[in-house]
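# Fold and geometry: a report
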Amino acid sequence: MSNQKTFSFVPDPTRRQVFAGAAALSAAAMFPIAAWADGSRLNVRTYLEPDDYDPLDASGFLEELLYGCIYRKLIQYVPGQEWDWQLDLAESMTQSSPTTITFTLKEGQMWSDGFGEITAEDVKFSMDRHMVEANNSRIKPDLGPFSHVEVTGRYAGIIHMDRPFAPIWTIALPYLAGTVICKAAVEAAGGKITTAVPPAVCGPYRVVEHRLGERWVLERNPDFSGAPAAFERVDLIVVVDESAAEIAKDAGDVDFTSIGAGSVQRLRDNPPIGAQMNVHPALFYHWVGLNIQNPKFEDIRVRQAIMYAIDVPSILQAAFFDVAEASTGIIAPGLIGHRPATLIPPQADFARARALLDAAGIDRLALNVDVLNNVTHTTTAQVMQAMMAQAGIDLNITVHESGSFWSLGVAADGDRWKDLELTIKRFSMTPDPYYATAWFVSDQIGDWNWEQFSNAEFDQLHDAALSEGDPARRDEMYRHMQDLMEQSGGYRFLTHGVTANLFADSIVPATRPDGQPLLQFFRRA
């Protein structure tokens with residue numbers, strides 16, 4: 001089965017530390033340099049800084065953005081509208097058994113700075129080190145039951161897993177954990193990359209400088225084994241605020257930036273001169289969660305009444321500026337397990353909600369919803385508050401700073417998790433359904449499973465789907481798991497949101513299907 005693309009589906013970003021950018025500089029004030037859209041330079045805005053050069057410490061898409069420029073993998077994502085992968089360092093990849101993948105590297109692929117040719121020993125070193133407990137790899141879970149790499153030749157090896165793992169093709173190999181680094185250079189540096197610039201790279205660009213809190217400066221890697229990079233220099237510029245990023249684009253200080261959903265319709269109506277915009281469905285998922293174990297919700301009719309009283313279209317109009325579609329679950333369109341529809345329609349049914357409360361013997365129902373202090377979720381809560389009253393539900397809104405909010409459902413941080421009622425949350429996502437369902441199994445109660453949803457069939461399906469090699473069967477399993485979530489009365493799914501990008505018409509960007517940029521494929525128009 002040489003070159004088999006076993007799975008044509010595929011997070012983005014993990015739930016990275018959103019606080020890390022507090023020191024990041026923002027707004028156009030941070031641009032002491034003139035506009036560089038001169039064809040030889042590319043300026044790309046990032047909303048936070050990548051954390052580290054070393055994949056052991058990587059936490060999300062921003063590292064992937066940087067690694068895509070300076071490192072390579074056996075396979076990598078294909079830019080476009082559908083999730084897929086393509087060979088990168090590998091000349092061939094074969095699923096030789098349910099638990100083994102045989103690979104052969106292209107010959108003549110070189111490291112920078114005189115470190116020679118890329119070999120199978122580099123692949124083994126790069127992947128095996130995530131499994132060493134002392135290394136405390138932050139992305140080890142992305143490798144699932146990966147065991148080790150067996151080197152069978154200078155350019156050949158076998159990836160071993162303890163059990164079949166379908167996401168090996170969609171997350172483990174083409175994303176952060178599949179990044180190949182130089183064994184000789186890293187060992188010479190003491191086993192971890194802590195140097196001011198990486199000691200050796202193999203991607204189309206190399207790091208020149210990191211200005212903490214401001215930008216990463218990259219330049220074309222003269223030792224790159226592929227076609228020369230399209231730009232002589234690439235700057236990853238930190239601009240935290242979306243409005244400031246849009247101003248920076250208008251001023252010509254950045255060539256590519258994501259923008260807020262609130263800007264989409266305005267830019268559609270009045271397209272900026274010299275710029276283009278594209279809008280992609282995102283992988284994130286937003287939902288209203290209900291703590292099933294709270295005594296107030298013991299009666300399933302009460303939980304159902306609340307779900308019927310939440311009007312998703314009104315929320316999308318007010319909080320997402322009418323540019324995002326209603327979601328059908330936690331798995332986005334284009335991925336295995338995406339459901340065509342929810343069990344409860346997105347539109348509220350206040351009469352039915354009222355009838356369910358009457359049947360449960362409730363006249364007025366007072367509830368509290370906890371939300372993060374961002375505009376999107378506070379607006380969502382306000383819409384819910386205004387509309388749920390029609391069904392006899394009085395909603396109180398409690399707004400939290402990030403640190404307070406993300407500890408609400410965590411048992412290790414106190415007893416508040418037991419008393420939660422409603423919460424509005426958004427989780428990040430990678431391009432495989434297992435990453436979505438992982439947070440709602442029973443053993444996540446007291447950690448990420450704030451709904452305290454516990455269903456033995458769901459848990460069993462989550463475990464079985466990890467090893468299911470039949471895409472059709474796997475699709476069916478994940479769809480049913482979302483049915484179980486919705487039937488519990490603990491989840492009202494809202495949307496996946498959108499990723500909107502604004503860019504100069506002097507460049508041709510390349511993005512994943514969810515709109516996240518793949519800078520290594522950017523080129524001049």
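Residues numbered from 1 in each chain as written. Predicted model: local features only at pLDDT ≥ 70, side-chain atom pairs only at ≥ 80, totals over all residues. Heavy atoms only, no water.

Naming follows an unreviewed UniProt entry, where the chain appears as Glutathione-binding protein GsiB of Yoonia vestfoldensis.

Counting its regular elements, the chain contains 14 helices and 22 strands. Against the 2.2 N^0.38 benchmark of 24 Å for 525 residues, the chain shows a C-alpha radius of gyration of 24 Å, consistent with a compact globule. Seen through its C-alpha atoms, the chain measures out along the principal axes to roughly 75 × 55 × 40 Å. Taken over 525 residues, the chain has a buried fraction of 58%. If you sum the accessible surface of the chain, you get close to 19,700 Å²; carbon and sulfur atoms cover 50% of it. The positive charge centre, built from 42 side chains, and the negative charge centre, built from 67, are 1 Å apart in the chain. (Helix = DSSP H or I, 4+ residues; strand = E, 2+ residues; numbered from the N terminus. Rg over C-alpha atoms; globule rule 2.2 N^0.38 Å. Buried < 20%, exposed > 50% of the residue type's maximum accessible area, 1.4 Å probe, protein only. Areas by Shrake-Rupley, 256 points an atom, 1.4 Å probe, with all protein chains shown as cover. Lys, Arg positive; Asp, Glu negative; His and termini not counted. Charge placed at Lys NZ, Arg CZ, Asp CG, Glu CD.)

By the definition in use, this model includes 26 aromatic pairs. When the ring centre of F284 is taken as reference, the NZ or CZ atom of R426 above it lies at 3.7 Å. (Phe/Tyr/Trp six-rings, centres within 6.5 Å; stacked < 30°, edge-to-face > 60°. Lys NZ or Arg CZ within 6 Å of the ring centre and 35° of its normal.)

Look at helix α6 (residues 300-308) against helix α8 (residues 350-359): their axes get within 8 Å of each other, and the N-to-C directions meet at 160 degrees. In terms of axis orientation, α6 runs roughly antiparallel to α8. Handedness of the crossing formed by α6 with α8: left-handed. Residue-level contacts link R301, Q304, A305 and Y308 of α6 to F350, R352, A353, L356, L357 and A359 of α8. A breakdown of the residues in the contact of α6 with α8 according to their chemical character gives seven nonpolar, one polar and two charged. (Axes fitted to C-alpha atoms, helices over the stretch in contact; angles between N-to-C directions. Parallel < 35°, antiparallel > 145°, perpendicular 65-115°, else oblique. Left-handed = near helix turned anticlockwise from the far one by under 90°. Contact = heavy atoms within 4.5 Å. Nonpolar A, V, L, I, M, F, W, Y, C, P; charged D, E, K, R; others polar.)

A word on the sheet that holds strand β19 (residues 491-495). With respect to topology, five strands assemble into an open sheet ordered β17-β16-β18-β15-β19, the strand pairing being mixed. On the outer flanks of this sheet lie β17 (393-400) and β19, each paired with one strand and no other. The sheet shows a mean angle of 25 degrees between the axes of neighbouring strands, direction not considered. Relative to strand β18 (residues 422-427), strand β16 (residues 365-372) is paired through two bridges, and the arrangement is parallel. Opposite D370, over in β18, you have T423 as the bridge partner. (Pairing = 2+ DSSP bridges.)

A few words on the UniProt feature "domain: Solute-binding protein family" (unreviewed entry) in the chain. UniProt's entry tags residues 87-443 with the feature "domain: Solute-binding protein family" (unreviewed entry), counted in the numbering of this structure. This span, residues 87-443, is 23% helix and 24% strand, and a straight line between its end C-alpha atoms measures 37 Å. (UniProt positions renumbered as here; feature names shortened; annotations may be inferred.)

Here we have four strands laid out as an open sheet, ordered β5-β6-β8-β7, and antiparallel in their pairing. Of all strands in the sheet, those with a lone pairing partner are β5 (90-97) and β7 (146-151), marking the two edges. Mean inter-strand twist for the sheet, computed between neighbouring axes without regard to direction, equals 20 degrees. With five bridges joining them, β7 and strand β8 (residues 156-161) adopt antiparallel strand pairing. In the strand pairing of β8, F146 is matched with M161. In the packing of helix α2 (residues 120-128) onto the sheet, the strands contacted are β6 (100-105), β7 and β8, and the crossing angle to β7 comes to about 165 degrees.

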